[in-house]
Amino acid sequence: MTDSILIVGGGIAGLHAAMECANAGARAIVVEQGPVVGGKLAATMTEAEAIGDRAEGVSTPLFEALQDNENIEIITLANLESLEGRPGNFTVSIHERARFVTDACTRCKLCRAVCPVVLANEYDAGLTYRKAIYTPMGETLPGAWVIDIENCLNTPPNYLPCQRCVEVCDDDAIFFNLPLDTVHERHVGAVILAPGFQIEDNASFGELGYSAHPDVVMSSELQRLLESPGPTGGYASKPSNEEYPESVLLVLDELSHFGLYIVASQVHQLLEQDVETVAVLVLSQLTKESEKSEVQELADKTGVQVRWGATFKVEPTEENTLDVSYEDFSEKRFVKETYDLVVLCSDVGPPDGLAALAQAAGIELADNGYITVTGTNGAGVSTSKPGIFVAGCASGAKNIKDSITDAHSAASCALAQLDPRLLDSESASKEEEQKPKTAAQISPDDMRSQIEQLLYALINRPDS
Ligand code: SF4
Ligand code: SF4
């Protein structure tokens, strides 16, 4: 028997599930295929306010809390290779690739200046550049930098034509002779799969004007600009000249629930930043009444103009703005308008490598490529194999709040597979203590002391 739960995927759903399991006294092993955890929301996990309204009031995990939790083990640059056994007693094998930089890294940045390899930073949606030795953003978990060995000039095994980073690293944190692959074997009682989702390839948006001008951006790029900490400090900006846009058009390529959710969220963020004109165009006929009412709901929710149409075209002007033209089905006319920034909203799909993960875990995928969810047991988080659960977008695109709800359900189901006697009772009781108490649970003495503290704070307020 074991007290451990394996969580595959270190995005918002996986980390939420890990916190839940760890706080209940289980050992949570998080396996993340990238070099840092946090997934597409990693930048927002440095401080509670960074996520803004996007989590709809639900609190999201923070790096500090994850780091301080002794019941959480994080293995990055890793994948689930195989799984055997039954609920309560699985043996899993985890394949970890070398980072080439150890925990001795102090994030001094000296190596960045000397590395000659320049690449687009995928963690900033390609809006900024990184080197072959890099950290995806200002604060990460784990904190050590990483070497992108595929693009490093020191191609293994140990052919060393460069070494510039090693020479400047005063902390002796870089080693090219670390084992390239390490396999960890662990015994776990349950598995939660939370590998996230994949954003549609930008290249497929060429027809809509992507790449025609720097101010035609994808929604993933705008999101990175709107996030704090982000490349522009959290402000919308025109990539062509870094000026603030006064008018923004968001174009939804086709109608989908997830697309509408992203558009609504970005409209709110743009309006909060006082962008003067924000409009939405859905490229669809909207023949069904249900589709029209979904679009109307978006207009009501955001308070901005939402139209639908076709034959969309974008052309740069000499004034560094964008002329857009399209056939407006909502008003039955051809429209030509000018905007500072055009945002193309990409759709999402199952994450890269989900088929391989499903094969390693022995679970079924649906025809649409997402993980099949079976039965009603476990609030929609049970997979085709007992003891293996799914959380977040791997079973279909979801908003942040629903992904977190999934993570709670998956964690409860996974915890139910463990023998409660094996759980770390100290963590579980600490968690219980930290839950807000109802008035009925507070003793008269505690109540009196809380009232006294409140009165004391009021009397000693600086303005009283
Ligand atoms: S690897 Fe070395 S040089 Fe690079 S940031 Fe870390 S400590 Fe600094
Ligand atoms: S050894 Fe690789 S990571 Fe280091 S400076 Fe050279 S190219 Fe960059």
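Figured I'd write up the structure that's included with this text. Here the residue index of a chain counts from 1 through its sequence in written order. Naming scheme: in the order in which they are written, chains are lettered from A and ligands are numbered from 1. Local features in this predicted model are restricted to residues of pLDDT 70 or higher, and side-chain atom pairs are both shown and tallied only at a pLDDT of 80 or more, whereas totals for entire chains, interfaces and linings draw on every residue. Values shown for side chains rest on all heavy atoms present in the structure; no hydrogens or waters enter the calculation.

**Quick notes on the pairing of strand β1 (residues 4-8)**
Regular strands show a simple pattern: their side chains alternate between the two faces of the sheet. The cut-off we apply is this: Classification of residues uses two cut-offs on accessible area relative to the type maximum, computed with a 1.4 Å probe and protein chains only: under 20% is buried, over 50% is exposed, and between them is partly exposed. Helical segments are the DSSP runs of H or I of at least four residues, strand segments are the runs of E of at least two, and each set is numbered from the N terminus. Strands qualify as paired when DSSP identifies two bridges or more between them. Classification remark: right-handed applies to a crossover when, strands pointing away from the viewer, the course from the first strand over the helix to the second runs clockwise.
Within β1, five of the five residues are buried, which leaves it mostly tucked inside the rest of the structure. When β1 meets strand β2 (residues 27-31), the two strands line up parallel, connected through five bridges. Of the residues in β2, the one forming a bridge with Ile 7 is Val 30. The parallel pair β1 and β2 is bridged by helix α1 (residues 12-23), and the resulting crossover is right-handed. Note: β1 against strand β11 (residues 190-193), four bridges, orientation parallel. In the sheet register, Ile 7 faces β11, and the bridge partner there is Ile 192.

**A short note on the sheet that holds strand β4 (residues 78-86)**
The following threshold applies: Only the contacting stretch of a helix is used when fitting its axis, a line to C-alpha atoms as for every element, and angles between N-to-C directions run 0 to 180 degrees.
The three strands lie next to each other as β4-β5-β10, forming an open sheet whose pairing is antiparallel. At either margin of the open sheet sits one strand with a lone partner, and together these are β4 and β10 (181-188). Taken pair by pair, the neighbouring strands of this sheet meet at an average axis angle of 15°, ignoring direction.

**Focus on helix α7 (residues 289-302)**
So the rule is basically this: Expected helix span is computed as 1.5 Å times (number of residues minus one). Directions are taken from the helix axis to each C-beta atom, and the arc is the one they span. Residue contacts are defined here by distance: any two heavy atoms, one from each residue, within 4.5 Å place the two residues in contact.
The end-to-end C-alpha distance of α7 is 20 Å, a good match for the 20 Å that 14 residues give at a rise of 1.5 Å each. Among all positions in α7, only Glu 291, Val 295, Leu 298, Ala 299 and Thr 302 are buried. Projected down its long axis, α7 carries its buried residues within an arc of 100°, all on one side. Exposed residues lying more than 90 degrees from the buried face of α7 are Glu 289, Asp 300 and Lys 301. Elements in contact with the buried residues of α7: α6 (257-272), β15 (277-282) and β16 (305-316). Directly after α7, the chain includes Gly 303, whose backbone phi takes a positive value near 75°.

**So, the site of ligand 2**
Using the following cut-off: Proximity is defined per residue: any heavy atom of the residue falling within 4 Å of a molecule or strand makes that residue near it. Side-chain classes follow a simple rule in which Ala, Val, Leu, Ile, Met, Phe, Trp, Tyr, Cys and Pro form the nonpolar group, Asp, Glu, Lys and Arg form the charged group, and the remainder, Gly included, forms the polar group.
Taken together, Cys 115, Pro 116, Val 117, Ile 133, Cys 152, Leu 153, Asn 154, Cys 162, Gln 163, Arg 164, Cys 165 and Phe 176 form the complete shell of residues around ligand 2. Of the residues that constitute the shell around ligand 2, the class distribution is nine nonpolar, two polar and one charged.

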